[in-house]
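Listed here are the chains, written in short residue letters.
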Amino acid sequence: MTLATSQPRSGEGLRVSIELTNTCNFTCPICPQAYKADEQPGGSPYNRRQGMMSEPVFRRAVEECNRVAETVELGFFGEQTLHPKYVDYLRAMKQRNFGLELNTNISFVTDEIMDVWVESEVNLVRLSLDALTPEVFNRARPGQVRDLQGKVVPEAQRLAALHEKVHRWLERPDHRPTRLVFVKSSWNEGEHDKFLEYWLPHMGPEDYVLMKRVLSYGGKITDPTAQPVDNCNVWEMRFLMVDWQGNLSPCNLDTNMDLKIGNIMDDSIEHAYFGPVADRMRGLTGCGKSITPCSTCKDGNNWSENEIHRQETSPAPRAPLPQNSTTPSAYTPLRVSRP
Ligand SMILES: C[S@@+](CC[C@H](N)C(=O)[O-])C[C@H]1O[C@@H](n2cnc3c(N)ncnc32)[C@H](O)[C@@H]1O
Ligand code: SF4
């Protein structure tokens, strides 16, 4: 195997995602993952193979990221904590030249996993919740949940088991900066304010809630609350996805890797991202253009109604989980343009 490696062009930091696996134990109805090889509601396909990133692909991806990535986000499509080498892979990234972020549905998180997030000094831990009441959570994020002892919990206990883990994490004095994620969609309407009222008092100075607009993910899923945008921003954001097989795509919404511009096992990131294949792809992509998945994509990364919320004061004692809170919230939303 001949590997092309070169130095980064100055100032050209990339935001790389490394997909440890595209398998998932959840079937969230806003996520292309839920429909897999069945027809996606929005029309674009999501039928690529499911699997786990091998050690050679992982090591090669990290080696390249150490050269050119400004940030690495672990995860693309799938649940990273299902990878059997998850803890080993995180330990291997303790020494690195990039900021490290990750996202998880929390369902398989254990104390050992929280320990390795701390040990590897992860720069941002993103925890996906999307709901505050158990019924809404079970509707918006169905799938198997395990408790901290690794036992599968019954349906009625799913959200409580995740809450126990999130509280355990946020109460650790050494916990890493954390983002609680709430994707605003038709599946969790009415939960927005309750979610903020409940979680903000438990968050530390480096933690925050991101409430973000649901996306069609390149025209794969549909939701009545999704809104079109005029232009696609994936190239200006300098995204690069590395899937579990090492394939490279410039689009964070290209969950099927239809816009493949190379493979990490036989190309450098710099050559793949700035070379002739990518140059040609730049002209072909953009919402509504004839290539798949752009032909069905109308909303790109529409972040126009994303909101960040932070706690102003120190964390409060843990409160019981409210079931039907209707109290108006005291937060001030801040619009953001980042994902
Ligand atoms: C695809 S998941 C993968 C990581 C992990 N399984 C999780 O749920 O956090 C990454 C993030 O994308 C969000 N997501 C899924 N489908 C979405 C959609 N249609 N629009 C916006 N965000 C979405 C999830 O809620 C999660 O916060
Ligand atoms: S847990 Fe994450 S990857 Fe799995 S279906 Fe839900 S949003 Fe998609």
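Everything below is about the structure shown above.
None of the values given here were measured: they were computed from a predicted structure.

Colleague: Explain the site of ligand 1 here, please?
Modeller: As a structural note, the neighbourhood of ligand 1 is formed by 16 residues, with Cys-31, Asn-103, Asn-105, Ser-128 and Leu-215 the closest of them. Of all the secondary-structure elements, those providing two or more residues to the shell around ligand 1 are strand 3 (99-104) and strand 5 (178-184). Class assignment of the residues belonging to the shell around ligand 1 gives a composition of 10 nonpolar, 5 polar and 1 charged.

Colleague: I would appreciate a short explanation of the environment of Thr-292 in the present structure.
Modeller: Looking at where Thr-292 falls in the secondary structure, it is placed in the loop between helix 8 (276-284) and strand 10 (306-309). Residue classification places Thr-292 among the partly exposed positions, given that 17 C-beta atoms sit within 10 Å. A C-alpha to C-alpha distance of 6.8 Å links Thr-292 and Ser-44, two positions 248 residues apart in sequence. With residues up to four places along the chain from it excluded, the contact list for Thr-292 reads Ser-44 and Asp-258.

Colleague: Help me out: how do you make sense of the site of ligand 2 in this one?
Modeller: Around ligand 2, the surrounding shell consists of Cys-24, Phe-26, Thr-27, Cys-28, Cys-31, Gln-33, Ala-34, Phe-77, Gly-78, Glu-79 and Asn-105. For the shell around ligand 2, the class distribution of residues is 6 nonpolar, 4 polar and 1 charged.

Colleague: Explain helix 5 (residues 158-171) here, please?
Modeller: An α-helix turns once every 3.6 residues. As a result, residues three or four positions apart point the same way. Given a rise of 1.5 Å per residue, 14 residues ought to cover 20 Å, and the 20 Å separating the end C-alpha atoms of helix 5 matches this to within 8%. For helix 5, the set of buried residues is Arg-158, Leu-159, Leu-162, His-163, Lys-165 and Trp-169. In an axial view of helix 5, the angular spread of the buried residues amounts to 165°, which keeps them on one side of the axis. Buried residues belonging to helix 5 abut helix 3 (111-119), helix 4 (134-140) and strand 5.

Criteria and cut-off values
- Residues numbered from 1 in each chain as written.
- Chains lettered and ligands numbered in written order.
- Predicted model: local features only at pLDDT ≥ 70, side-chain atom pairs only at ≥ 80, totals over all residues.
- Near = placed C-beta within 6 Å.
- Helix = DSSP H or I, 4+ residues; strand = E, 2+ residues; numbered from the N terminus.
- Nonpolar A, V, L, I, M, F, W, Y, C, P; charged D, E, K, R; others polar.
- Buried ≥ 20, exposed ≤ 12 C-beta atoms within 10 Å, placed from the backbone.
- Contact = placed C-beta atoms within 7 Å.
- Expected span 1.5 Å × (residues − 1).
- Arc of directions from axis to C-beta.

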